[in-house]
Amino acid sequence: EAARSVFPGSRIVVLFEPHRPSRVAAHRPAFIRELGFADTVVLAPTYGAFEAAAPSSEGTRDPRTGFGIGAGLRRKGIDAVETGSIDGCCLVSMR
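Worth saying up front: this structure is predicted, and the values here are computed from it rather than measured. (Residues numbered from 1 in each chain as written. Predicted model: local features only at pLDDT ≥ 70, side-chain atom pairs only at ≥ 80, totals over all residues. Heavy atoms only, no water.)

Novice: For the overall build of the chain, give the residues involved together with the corresponding values.
Specialist: Scanning the chain from N- to C-terminus turns up four helices and three strands. Across the chain, helices and strands are ordered from the amino to the carboxyl terminus as α-β-α-β-α-β-α. The buried share of the chain, reckoned over its 95 residues, is 38%. Pairs at least 24 apart in sequence give 69% of the contacts found in the chain among residues at least 6 apart. Of the roughly 5,500 Å² of accessible surface on the chain, a fraction of 58% belongs to carbon and sulfur atoms. (Helix = DSSP H or I, 4+ residues; strand = E, 2+ residues; numbered from the N terminus. Buried < 20%, exposed > 50% of the residue type's maximum accessible area, 1.4 Å probe, protein only. Contact = heavy atoms within 4.5 Å. Areas by Shrake-Rupley, 256 points an atom, 1.4 Å probe, with all protein chains shown as cover.)

Below, the structure is given as structure tokens:
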């Protein structure tokens, strides 16, 4: 919301690198809600920070999926792209 108020009428692109699988799993609905204000969300793989990948509520253990964040955003009609690396985020955001 803040970005839209500062840049009205502009396309809002968010580059997001989730940290810690446990945090992503615990707060996935809030991440989807807040990131849903963007036009496009580019998701980097989840940074483990010494945690092993835990299954999301959707059963996936793949950190590249953002533990369901991308799927949740797409269900809301948001353009969400998962990348295989943090470097991939920059390439996708420039498309």
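Moving on from the model shown.
Novice: Which residues make up the pattern of salt bridges, and what are the values?
Specialist: Applying the stated criterion across every chain yields a total of three salt bridges. Where Arg33 meets Glu34, a salt bridge forms, and the shortest distance between an N and an O atom there is 3.2 Å. Judged by relative accessible area, which is 48%, Arg33 ranks as partly exposed. Between Glu82 and Arg74 there is a salt bridge, with its nearest N and O atoms 3.3 Å apart. (Salt bridge = Lys/Arg side-chain N within 4 Å of Asp/Glu carboxyl O.)

Novice: Tell me about the sheet that holds strand S1 (residues 13–16), and please be specific about residues and values.
Specialist: Across the sheet, which stays open at both edges, the three strands sit in the order S1-S2-S3 with parallel pairing between neighbours. In this open sheet, the two edge strands, each paired with only one partner strand, are S1 and strand S3 (79–82). On average, each strand axis in the sheet is inclined to that of its neighbour by 15°, with strand direction left out of account. Where strand S2 (residues 40–43) and S3 come together, four bridges link them in parallel fashion. Paired with Leu43 across the bridge in S3 is Glu82. (Pairing = 2+ DSSP bridges. Axes fitted to C-alpha atoms, helices over the stretch in contact; angles between N-to-C directions.)

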